[in-house]
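Overview (structure and organization)
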Amino acid sequence: MTPARSADAAPDAAPLGILPCQAIEGLIAQGAVTASTPFDVDQVQPASLDLRLGARVWRVRASFLPGLGRTVRERIADVAMHEIDLAKGGAVLERGCVYIAELQERLKLPRGVSGRANPKSSTGRVDVFVRCLTDRSAAFDDVAEGYDGPLYMEIAPQTFSVLVRPGTRLNQMRFKSGASPVLGVRSVGVDLTGDVAGFRARRHAPVVDLDHIEGHDPRDFWQPLEPRRGELLLDPGEFYILASKEDVEIPVMQAAEMTPIDPSVGEFRVHYAGFFDPGFGTEEAHGGGSKGVLEVRSHETPFLLEDGQTVARLVYEPLTARPVRLYGQNGSHYQRQGLKLSKHFQPW
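Since the structure is predicted, the reported quantities are computational estimates derived from the model, not experimental observations. Residue positions are given per chain, counted from 1 along the sequence in the order it is written. Restriction of local features to residues with pLDDT of at least 70 applies here, the model being predicted, together with a cutoff of 80 or more for giving and counting side-chain atom pairs; totals for whole chains, interfaces and linings are based on all residues. Side-chain figures throughout are based on the complete set of non-hydrogen atoms in the structure, without hydrogens or water.

**Some words on the environment of E214**
If you trace the backbone, E214 turns up in the loop between β16 (208-209) and β17 (222-225). It is 4.5 Å that separates the C-alpha atoms of E214 and H344, two residues lying 130 residues apart in sequence. In this structure, E214 is in contact with K343, H344, F345 and Q346, ignoring residues within four places of it in sequence. For the purposes of this entry, the term helix denotes a DSSP run of H or I that reaches at least four residues, the term strand denotes a run of E that reaches at least two, and both are numbered from the N terminus. Contacts were defined at the residue level, with two residues in contact if any of their heavy atoms lie within 4.5 Å.

In structure tokens, the structure reads:
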């Protein structure tokens, strides 16, 4: 995949774009990002911050947005069914249910800095739908410039029930200086050429422990799929793991987000957007040949997916400075990946 071109910053202008890891650490040092427990040593990624579950989770009867005049806690009181204390050994969050969780991190962003949250790759690959909530907000995942307040997460397991604890990381946040420009958009096609073209999630599978790395037999959770004539039939309501046709490369001065395409081209969608950090798939970070992993769900009707068909877009944005760490340099489960399940599963 051809990377987007770098944007030229105006002389003497404050750089616009996504903050790199050293700038995120600066926000922590100045108290703009705080937490109820000490930060983990690996919590700051090259261009994002992993967010951690706190101790309290509420089972709610419906998803919601607080709206411009209310806090998340005020809205929880309207929809909560019961409260769960994760500090007592964790808890299983059941598939088909909706939960709201406190996060350990809290923000007091300076002027000109906003945030955007997204599920972590491993979260999307086990079909757990998560969205960030902030007080007095009318949108999920977007954090307003200068926001001062707590963070919450909506959690909705779709296929597997999951075991979580305080400190479990399900989403991550990017911080932006000003209005980050879009440098380029690239199409992402699907690869249906291998002997195994993808995996379909099994229904009625065991619980996934989200803190147990390589602790699950993938055959208990997934069915491998063989393409026919370069095609794959997607069944309505089923969840699939597929791989991109093209290699994905994120230049070291850029970051990218995978977004769904217009649904008018087919009754399916890439189920979760995803962040790609600087250095993903680059030779400099020893990641040449990395594919993008796609979480796909068909809606309403069966859909015949063809090899190479466009299923998502990669949107590239600039960083405000070169990150001192690149993706995968401190170890990664997904650098140089092909078709790959989440890190919770043993190799197929």
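What follows continues from the structure just given.
**Thoughts on the sheet that holds strand β14 (residues 184-189)**
Hydrogen bonds between backbone groups are what pair the strands of a sheet, and the pairing can be parallel or antiparallel. In spatial order, the strands read β14-β25-β20-β22; together these four strands make up an open sheet with antiparallel pairing. Where the open sheet ends on each side, the last strands, each with one partner, are β14 and β22 (274-276). Sheet twist, expressed as the mean angle between neighbouring strand axes with direction ignored, is 25 degrees. When DSSP finds two or more bridges between a pair of strands, those strands are recorded as paired. Judged from the seven bridges that link them, strand β20 (residues 254-260) and strand β25 (residues 310-318) form a sheet pairing that is antiparallel. Bridging across to β25, P260 finds its partner in A312. What counts as an axis is a line fitted to C-alpha atoms, over the stretch in contact for a helix, and the angles between N-to-C directions run from 0 to 180 degrees.

**Some words on the side chain of R297**
Relative to the assigned elements, R297 resides in strand β23 (residues 291-298). A simple rule labels every residue: compare its accessible area, found with a 1.4 Å probe on the protein chains alone, to the largest value its type can have, and call it buried under 20%, exposed over 50%, or partly exposed in between. For R297, a relative accessible area of 9% gives the class buried. A polar contact of 2.4 Å, which involves the side chain of R297, links it to the side chain of D127. For R297, the side chain forms a polar contact with the main-chain oxygen of G237, separated by 2.9 Å. Here a polar contact is recorded for every N or O atom pair within 3.5 Å, except that within protein the pair must consist of a potential hydrogen donor and a potential acceptor, and residues adjacent in sequence are included only if both atoms are side-chain atoms.

**Overview of the pattern of salt bridges**
Just to be clear on terms, a salt bridge is a Lys or Arg side-chain nitrogen sitting within 4 Å of an Asp or Glu carboxyl oxygen. Counted according to the given criterion, the structure contains 25 salt bridges. In this structure, the salt-bridge partner of R169 is D42, at a minimum N-O distance of 2.6 Å. Taken as a pair, R169 in strand β13 (residues 169-177) and D42 in the loop between β2 (33-35) and β3 (44-45) lie far apart in primary sequence, 127 residues in all. We classify D42 as partly exposed; its relative accessible area is 44%. Where K291 meets D247, a salt bridge forms, and the shortest distance between an N and an O atom there is 3.0 Å. You can see K291 sitting in strand β23 and its partner D247 sitting in strand β19 (residues 239-247), a full 44 residues away along the chain. Three or more residues are tied together by salt bridges with common partners; here these are D40, D42, D50, R52, E105, K120 and R169.

**A word on the sheet that holds β16**
The sheet built from three strands is open, its strands ordered β6-β12-β16 with mixed pairing. Since the sheet does not close on itself, it has two edges, and those belong to β6 (91-93) and β16, each with one partner. Of the strand pairs in this sheet, strand β12 (residues 162-164) and β16 are connected by two bridges, and their pairing is parallel. Looking across to β16, one finds that L163 is bridged to D209.

**What to know about the packing of aromatic side chains**
Side-chain rings of Phe, Tyr and Trp (the six-membered ring for Trp) are treated as a pair once their centres are within 6.5 Å; stacked means planes under 30 degrees apart, edge-to-face means over 60, and tilted covers the remaining angles. Summed over the entire model, instances satisfying the criterion amount to eight aromatic pairs. For the pair F160 and F221, a centre-to-centre distance of 5.5 Å together with 80 degrees between the ring planes defines the contact as edge-to-face. Of this pair, F160 sits in the loop between β11 (148-157) and β12 while F221 sits in the loop between β16 and β17, and the two are 61 residues apart along the sequence. Here F160 matches F221 in class, with each residue buried. In this analysis the charged atom, NZ for Lys or CZ for Arg, is taken to sit over a ring once it is within 6 Å of the ring centre and within 35 degrees of the ring normal. Seen from the ring of W348, R219 lies directly overhead, with NZ or CZ sitting 4.6 Å from the centre.

**Topic: helix α2 (residues 72-79)**
Those residues of α2 that sit buried are V72, R75, I76 and V79. Along α2, the residues classed as buried sweep out an arc of 110 degrees about the axis, all on the same side. At its buried positions, α2 is contacted by β4 (48-60), β5 (80-85), β7 (98-108), β9 (128-134) and β11. In this description, one arc is meant: the one made by directions from the helix axis to the C-beta atoms.

Any link to function would need more than the numbers given here.
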